[in-house]
Structure formats: structure tokens, C-alpha cells
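One letter stands for each residue in the lines below.
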Amino acid sequence: MLALLCGGQGTLSDKIFDLAADQPAAEPVFTAATACLGEDPREFVRTHSADELSANHVSQILTVTSTLAIHACIADLLTEPTAVTGYSVGEMTAWSIAGIWTADEALRLTAVRACLMDSVAGPDGRLGYVRGLDPAALERLLGKHRCEIAIRNPDRLVVVGGAEQDVIDLCQEATRQGATRTGLLAVRIASHTRQLEQACRPFQLTLDASTRSAIANQRVLLAGGDGERIFSASNATAKLASQVARPIDWSATLEALAELGVSRVLDLGPGHALAEMMQAFLPSVRCYAADGFRTVGGLRDWLQSRPGRGTRAP
């Protein structure tokens, strides 16, 4: 079984649309994103600063646009049973790929999600990461610095959220206590923490009012927060909405993919972090990242020819 991983917010650059920018299949996605941004996303990433790209509303739309655009270029080839899941805002993409929403609707709802999060968040929220620290030590630091776990990844890689200075202080003390690596992420909001609790109910109401279809044949949709299989979108809107203020257990999602027996994984990006995590978590699975391909033709060839192992394509 093939698995598609849809990435979340992170460092964005003017290169994120290079693979799909001139592909006719992706043009409707770029048109829909233009309606959300007020500017063609391909031009937007070339004319705005890194700080502007990392703004929550912009970052979420660009992230989902990138993933949907790449999917549009390969959708006709996905005839085999395919599992799909998303990391953070990547769940919005995953629901679209599963057939629940059109790309237009996914982007519209992503814009609503971002606006609701911004409306309830404090002015200085931030995400950071801590790798390799003893869990008990991390728990103590979370309490001391008024932060929360936002995402649990494999290999003791934890994303933490809170006020920016609190996250900075936590990361610095974690380093002194033996963490192998810490730092800030380019996400300027405390996603997946209780700071955003008030956004959950309004977002659920928006999701409930959206036009939805059944999950497509040959698609297996897993919740990115815990790997639970979603059989009906109507029964899962509360779970998707609450995700903005609840921690994500990505390790559990990877375990669920392993239990499905996936043999190939394609990280649709942006970036290739999810492919690398999956490869480390389950070395027997062939994991590739879309951004490792120089052309859409190369990506399509890989999907059809099933080449050998590796996390990135030549």
C-alpha cells in the first residue's frame, strides 16, 4: 500500500512551488489559492520576506497549496489502495486528497482555520522543538516555563508551544540539561496548545456547514493526531476542529501506517521531514519526498516504476 504524507507549517521559501509551478494540472489549485491570498502564490513567495511567509495565515495557505498542487500532478496515477494522513494543517490537505473536499474548499477552510486561530491566540505565540531530553525532565521544564507539548514525534523529538520567550527559555534550559538539539520553529503561533481552545467550536461549526463528500474508494484516511482511521467525515469534524488546541501524537500515526502494511511512502511536503521520520521509524519502507525530484515527470516515473529504497530521489 502507498501512503501519502501531507506536511505542516515550517520554513517556507521561494522554491516551494518549483516542482508544480508550470503544470496545467496544478493550475486550479493556484487559482483557488490566489482567491485566498489576493495574489498568485507563486509570485507571493518570490516577493515577500521570510517573516511574511511565516505569518500564520499566509503560512497555512501556502503549505496546503504546495501539497495540493503536487497531488494534482499525480492524482491520475493513484489507482492503488492509498493511505493518506496529514501533520498539523496537513490534515486539511489529507481530507481533500481523500475526496472529502475539493481543493477550493480545502483552501477556503484552511483560511478560516488560520483566521480563527489568529483571533484567539496571544500576540507572541511560538513553537519550538526539543530532541533527546528525558521525558520526566521535559515535563518539569514545561511546567516551569508555562509551555505545553504540541507534537510528539518519534526518537524523543517533541514540539513545544507557548509564549515565544517562554519557549526560548525552555529550549535553552533543555540544552543545559542534556537535550541533543533544541530551537525555534518558523511557526509564530502556539498551535496544538490550550491557548487556542476558543477556536475549536467555531471551526467545528464551519466544518459542519461545509460541503463534504464520502471518502473516495481506494483511500484510507487516518487522523494525523493519533492515527485513528476515519470512516465518515461527518463523525470526525469535532476531532479535526479540536486538533488546533490538542497535542498531536505523530508517533501513533506512524504506528498506524505500519499496521496498515504500507510498503511505500511519499511525503508531499513542503520539505522532506516526514519522509525522514518515517524512514527512521520503519526502515523497511521505501520513503521518498516530492521535493527530492527535479521534475514532475521523475515523480510520476517513481510512482509507476516503484524504484529502490531511499528517502530522496535522484
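Residues numbered from 1 in each chain as written. Predicted model: local features only at pLDDT ≥ 70, side-chain atom pairs only at ≥ 80, totals over all residues. Heavy atoms only, no water.

K.L.:
How do you make sense of the overall build of the protein chain when you look at a structure like this?
P.N.:
Check the secondary structure of the protein chain and you find 13 helices and 11 strands. Relative to a compact globule of 314 residues, whose C-alpha radius of gyration would be 20 Å, the protein chain shows 18 Å and is just as compact. Overall, the protein chain is about 50 × 40 × 40 Å in size when its C-alpha atoms are taken along their principal axes. When contacts within the protein chain are restricted to residue pairs at least 6 apart in sequence, long-range pairs at least 24 apart make up 75% of them. Positive and negative side-chain charges of the protein chain, numbering 29 and 35 respectively, have mean locations separated by a distance of 4 Å. (Helix = DSSP H or I, 4+ residues; strand = E, 2+ residues; numbered from the N terminus. Rg over C-alpha atoms; globule rule 2.2 N^0.38 Å. Contact = heavy atoms within 4.5 Å. Lys, Arg positive; Asp, Glu negative; His and termini not counted. Charge placed at Lys NZ, Arg CZ, Asp CG, Glu CD.)

K.L.:
Can you walk me through the sheet that holds strand S9 (residues 248–249) in this structure?
P.N.:
Through backbone hydrogen bonds, the strands of a sheet pair up, either in parallel or in antiparallel fashion. Strand order in this open sheet of five strands is S6-S3-S5-S4-S9, and the pairing throughout is mixed. Both edges of this open sheet fall to strand S6 (181–184) and S9, since each of them pairs with a single strand only. For strand S4 (residues 148–153) and S9, the ladder comprises two bridges, and the chain directions are parallel. Bridged to Ile151 within S9 is Ile248. (Pairing = 2+ DSSP bridges.)

K.L.:
I'm lost on unusual backbone geometry in this one. Help?
P.N.:
Leaving glycine out, the prevailing phi sign among residues is negative, and the prevailing peptide bond configuration is trans. Following Gly269, the chain continues to Pro270 via a peptide bond in cis, the omega torsion being 0 degrees. Of note, His192 is a non-glycine position whose phi angle comes to about 65 degrees, a positive value. In this structure, His192 sits in the loop between S6 and helix H9 (200–209). Non-glycine residue Gln218 carries a positive phi angle of around 70 degrees.

What is shown is where atoms sit, not what they do.
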